[in-house]
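Residue-level listing of the chains:
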Amino acid sequence: MISAFISTGIIFLIVGILLMNSWNAITDVGWRLFTLKWNVANEEYGILSMLYGSFMVTLCALVIALPLGLLTAIFVSEVLPGRYRFYAKSLLELLAGIPSIIYGLLGVAFLSVWIGHLFDLQSGRTILSAGILLASMILPTIITLSDDALQNVPDKYREAANGLGLTKYEVFRSALLPIAKADIIGACLLALGRALGETMAVMLVIGGIDKIPTPFFNILLPGQTITSKLGREIAETAFGSDHFSAMIFMGMILLFVVLILTFVAQHCFNPEQRLYE
Amino acid sequence: MSRELVNKCFVLAAWGAVGISCLILVSMISVITWNGLGAINLGFLFTEARNFGMSGGILYQIIGTLLIVAVAALICLPLALGTAISKSEYLKNRRMRKLCTALIYGLNGIPSVIFGVFGLIFFVNILGTGISWFVGSIILAIMILPTVVLATYQSINSIPKIYRESALTLGLNKWQVILHVVLPQGIGGSITGLLIGLARAVGETAPIMFIATAFSGVDIPGSPFEPVATLPTHILALAQQATAGQALQNAWGASLVLLTLVTLFSVTALFSRMKLRTISQR
Amino acid sequence: MAGSTTVLPVVSRAAEQFKARHPDIQIIVNAGGSGVGINQLGEGKIAIGMASRDITREEIEKFPNTTFVTHAIGRDAVVPVVSSEIYAAGIHALTLRQIGQIYKGEISNWREVDGPDRDILVIDKEKSRGTRHVFMAAVLGDKAAEAPGADLVLGSNNEEQTAVVQSDAAIGMLSNAWLNDDVKGLSIILSDGTMVEPTLAHIVDGTFPITRALLLITNGTPGGNVKTFIDFILSAAGQAIVKESGYVSIVQ
């Protein structure tokens, strides 16, 4: 029983500690936390650039991975002959398990160089590079979960639709999608959460500039995310200082966003919502 | 557009997506394997890193990784078993159960760097343990806890009621029922979950990079309060030297070894899932 | 031990040799940058901090319970480096002022300093890094100066070196030990017009304007194993390692 308490209590402990440590930042720096300049020597702790960076990188990743992943899932679920399913699923699980640091290595050694040459940039360390890397990371997850969602729709719906003479696309759109929608949305939210929280791959290819690129939608410039900043600077931050508090505050924002996403996603997956049972 | 045309586009798009996905994913694995094989030989695996990893091998990194992960498993397993058993046997109120589940899922979603920061504040600073591999194990155990709890809970849940009822009619009390009926059936699921969790833990960098690892000078730690060297952090250090030839090669070699470990755990988990199914599922 | 990536090669190699002579003493080395070294020493997490810059007043104030004692073990230069393509195109030297302008964003194309027509990729370092403090003090007059012209902000010397190599129009700041065929060091044009190359000789005689001492920092006077290790580095064998790593020995 104690173990149950520990397990569930830990999450409160984590949140609590983060909150305590960001307190300094909230009281001393206050609303100035939401400015653009991050300069520790001048005691400026504007975290907006980092928030923006995290947001943009995740957006890029989703724009690439969602369509790609969904279509692939449809393929695996509806088009692929049954006997290959086992191999496909196992392969996907394997790919989902590749450690993030290896993605980072691939990014630094290959991807950022290619992007640099492709767009004739000064440096391939850009928001787009981080986005592509993240997209590769969440792709297996999206495929697997969406495929599960589609598989959960009982065959009788497919048979009925086929019996009516609908094409594959129409079967999907009118019979499968409405039912699988909740699960697919849940899958996307989980992928979003994972992309937001990813540190290693992003840290190596993002370029580390604490600024919002000009113009703001230019993803071919370096930037900074919450995770990358935390990963790089936390070790040199004196514990208890305003600098530390500001960093923890940033982390807390990230934590809350991810937690909200996770809880909403779980709600989507809630089996009691399923209409066909 | 005619229905047929729409359908054709759709199927084409699906094939295209599969093609691109496969291309991305397969090329990644081949790049790692191809480059990594070049770096690996027996010497690499069994000598220590020298000169920032520019020369020498990764012996202590492998040992460090295995150590942290093994101890994390030891910490995690009893905790997870306890949680899952409590949840299924003791928590009868549905709302409590849902709350519990929600919290566990929440724990699962927390970004790895937040775990690292938490470990830094709580263990290194507040509890004053300094940089210690044991703390790293604890953090990793917390990270994979949800996975193991979920897997255990699922396998416990699939034990048909009749087992428990028969045991109770035989006169066993609740604790004995747990010990003799639930536990043996549930342990299969938790082992599977543990292996899946370990596959993830072995590759994690962010949680342990500020609280448990050092770059050089480390061999087998003598006490729980010393740092250790691990494969992921080593790869990180080498990745920052991505143009120095030998360092990069060693990075690939280390990556391949890491990937092999992850695959080993994953494949074992797969087998375990098939073999250790509870009686009811066979 | 932890800290500066500039001092790290010396300490790593010294630790290996030291271990051969004193197998029972364990030396654990980490990187992180000068800021991390000083920070962790102040928090009592490490015994020796490595730094390639002086300790700032703010850092001393942050850790009132720590007596920072520095031990210089060598000297090196912080060299403005450029990608080899830029060097080959003719840029061999710049004035400190020009470099400052590049980092401030006032000069943004190599053309403006008689180079090829390419945008300058300005590579900066994290603010607490020793190399940056020394560089910015020389180039912009303030060790904690902002560099609005910076395009990338990286961490260790290794990372910066990698980025300079990967680009064909980059400028960055590195210790002279990191110069190689792909990473070329610029000479500095002094105010009287003389060009000073970033060679070891010029570090020794002090003509190169951006030099610094490489420091090991302890909390109070070192004793025991810490003292033994520091003495080892200051000995002839240790100083040989310093020279081997590309730096200038302190005893000269």
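Residues numbered from 1 in each chain as written. Chains lettered and ligands numbered in written order. Predicted model: local features only at pLDDT ≥ 70, side-chain atom pairs only at ≥ 80, totals over all residues.

1. What to know about the overall build of chain B
Scanning chain B from terminus to terminus reveals 11 helices and two strands. Sequence-ordered secondary structure for chain B, helices as α and strands as β, is α-α-β-β-α-α-α-α-α-α-α-α-α. Put simply, chain B has 282 residues, and 52% of those count as buried. Excluding contacts between residues fewer than 6 apart, the proportion of contacts in chain B whose partners are at least 24 apart in sequence is 77%. (Helix = DSSP H or I, 4+ residues; strand = E, 2+ residues; numbered from the N terminus. Buried ≥ 20, exposed ≤ 12 C-beta atoms within 10 Å, placed from the backbone. Contact = placed C-beta atoms within 7 Å.)

2. Some thoughts on the overall build of chain A
The secondary structure content of chain A amounts to 10 helices and two strands. Its helices and strands taken in sequence order, chain A reads α-β-β-α-α-α-α-α-α-α-α-α from the N to the C terminus. Across the 277 residues that make up chain A, the buried fraction comes to 56%. Of the contacts made within chain A by residues no fewer than 6 positions apart, 76% connect residues no fewer than 24 positions apart.

3. Here's the deal with the sheet that holds strand E10 (residues 195-196) of chain C
Residues and elements named next belong to chain C. In spatial order, the strands read E4-E9-E10; together these three strands make up an open sheet with mixed pairing. Looking at the sheet topology across the chains shown, the edges are occupied by strand E4 (93-95) and E10. Relative to E10, strand E9 (residues 187-189) is paired through two bridges, and the arrangement is antiparallel. Looking at the pairing, Ile 189 lines up with Met 195 of E10. Helix H5 (residues 96-104) rests against E4 and E9 of the sheet, and its axis sits at about 85° to E4. (Pairing = 2+ DSSP bridges. Axes fitted to C-alpha atoms, helices over the stretch in contact; angles between N-to-C directions.)

4. Quick word on the interface of chain A and chain B
Across the contact, 61 residues belong to chain A and 66 residues belong to chain B. No other element matches helix H1 (residues 2-29) of chain A, which puts 12 residues into the side of chain A that touches chain B. Residue composition of the side of chain A that touches chain B, by class: 39 nonpolar, 19 polar and three charged. (Nonpolar A, V, L, I, M, F, W, Y, C, P; charged D, E, K, R; others polar.)

5. A few points about the interface of chain C and chain A
Listed by partner, the interface residues are 25 residues for chain C and 17 residues for chain A. Those elements that place two or more of their residues in the side of chain C that touches chain A are helix H2 (34-42), strand E6 (152-154) and helix H7 (157-166) of chain C. For the side of chain C that touches chain A, the leading source of residues is H2(C), giving four residues. A per-class count over the side of chain C that touches chain A returns nine nonpolar, nine polar and seven charged.

6. Some thoughts on the pairing of strand E3 (residues 68-83) of chain C
It is a general feature of regular strands that their side chains alternate between the two faces of the sheet. Residue and element names in this part refer to chain C. Sheet analysis places E3 next to strand E11 (residues 211-219), joined by nine bridges and oriented antiparallel. Residue Ala 72 lies in a different strand from E11, and its bridge partner there is Leu 215. Pairing analysis gives two bridges linking E3 to strand E12 (residues 248-249), with the strands arranged antiparallel. Residue pairing across strands places Arg 75 opposite Val 248, the latter belonging to E12. Examined bridge by bridge, E3 and strand E7 (residues 170-175) share five bridges and lie antiparallel to one another. By the bridge assignment for E7, Val 78 is matched with Ser 175. Relative to strand E8 (residues 183-185), E3 runs antiparallel, the two being bridged by three bridges. Each residue of the ladder has a partner; that of Val 82, found in E8, is Lys 184.

7. Focus: the packing of helix H2 (residues 48-79) of chain A against helix H7 (residues 168-197) of chain A
All names here are of chain A. It is the contact of H2 with H7, at a shortest axis distance of 10 Å, that shows an interaxial angle of 145°. Between H2 and H7 lies a crossing of right-handed hand. Contact with H2, carried on its side by Ser 54, Thr 58, Ala 61, Leu 62, Ala 65, Leu 66, Ile 74 and Glu 78, involves Lys 168, Phe 172, Cys 188, Ala 191, Leu 192, Ala 195 and Leu 196 of H7 and no other residues of that element. Looking at side-chain class alone, the contact of H2 with H7 contains 11 nonpolar, two polar and two charged residues. (Left-handed = near helix turned anticlockwise from the far one by under 90°.)

8. Points about H5(C)
Residues and elements named next belong to chain C. Buried within H5 we find Ile 99, Gly 100, Ile 102 and Tyr 103. The buried residues of H5 occupy an angular sector of 160° when projected down its axis, which confines them to one face. Considering only its buried residues, H5 is in contact with E3, E4, strand E5 (121-125), helix H6 (130-140) and E7. Of the residues trailing H5, Gly 105 is marked for its positive phi of about 95°. (Arc of directions from axis to C-beta.)

9. Overview of the domain arrangement of chain B
Residues and elements named next belong to chain B. Domain boundaries in chain B define domain 1 (1-39) and domain 2 (41-280). Between domain 1 and domain 2, the contact holds seven residues from the first and eight residues from the second. Here the residues of the side of domain 1 that touches domain 2 are counted per class, giving three nonpolar, four polar and no charged. (Domains from an automatic or database assignment.)

10. So, the environment of Ala236(C)
All names here are of chain C. Along the chain, Ala 236 falls in helix H10 (residues 236-244). Owing to 8 C-beta atoms within 10 Å, Ala 236 belongs among the exposed residues under this scheme. Counting along the chain gives 13 residues from Ala 236 to Ser 249, while the straight-line C-alpha distance between them is 9.5 Å.

11. With respect to the confidence of the model for chain B
All names here are of chain B. Residues with a pLDDT of 70 or more make up 80% of chain B, whose mean pLDDT is 76. Within chain B, the element-level pLDDT minimum falls on strand E1 (residues 49-50), averaging 54, and the maximum on helix H6 (residues 133-157), averaging 84. Quick note on the complex model: pTM equals 0.82, ipTM equals 0.80. (pLDDT = per-residue confidence, 0-100.)

12. Points about the environment of Gly42(C)
Residue and element names in this part refer to chain C. Here Gly 42 shows up in helix H2. Its 23 C-beta neighbours within 10 Å are what place Gly 42 among the buried residues. Residues Gly 42 and Ile 28, spaced 14 residues apart in sequence, show a C-alpha to C-alpha distance of 17 Å.

13. A few points about the nonpolar core
Core analysis: the biggest nonpolar cluster contains 250 residues, and Ala65(A), Leu134(A), Cys76(B), Leu145(B) and Ile235(B) have the highest contact counts within it. When residues are assigned to domains, this core turns out to be shared by domain 1 (1-39) and domain 2 (41-280) of chain B, each giving three or more. (Core = buried A, V, L, I, M, F, W, Y, C linked by C-beta atoms within 7 Å.)

14. Structural notes on H7(C)
Of all the 10 residues making up H7(C), nine are buried; the element is thus mostly covered by neighbouring parts of the structure. Buried within H7(C) are the following residues: Asn157(C), Asn158(C), Glu159(C), Glu160(C), Gln161(C), Thr162(C), Ala163(C), Val164(C) and Gln166(C).

15. Side note on the pairing of E5(C)
All names here are of chain C. Within E5, five of the five residues are buried, which leaves the element mostly enclosed by the surrounding structure. Side chains of E5 alternate between two faces, with Leu 121, Ile 123 and Lys 125 and Val 122 and Asp 124 buried alike. Bridging between E5 and E6 involves three bridges; their strand directions are parallel. Among the inter-strand pairings, Lys 125 is bridged to a residue of E6, identified as Leu 154.

16. Quick word on the packing of helix H6 (residues 155-163) of chain A against H7(A)
Residues and elements named next belong to chain A. Axis separation between H6 and H7 bottoms out at 10 Å; the angle between their running directions is 140°. In this view, H6 runs oblique relative to H7, as classed from their interaxial angle. Our pair here, H6 against H7, has a crossing hand that is right-handed. Taken together, the residues of H7 that come into contact with H6 (itself represented by Tyr 157, Arg 158, Ala 161 and Asn 162) are Val 171, Ser 174, Ala 175 and Leu 176. For the contact of H6 with H7, a count of residues per class yields five nonpolar, two polar and one charged. (Parallel < 35°, antiparallel > 145°, perpendicular 65-115°, else oblique.)

17. Describing the confidence of the model for chain A
All names here are of chain A. Looking at chain A, the pLDDT average stands at 77 and 78% of residues meet or exceed 70. At the low end of the mean pLDDT range in chain A sits H1, at 64; at the high end sits helix H5 (residues 127-151), at 86. This model gives residues 272-277 a pLDDT under 50, and the stretch forms four contacts once residues within four places in sequence are excluded.

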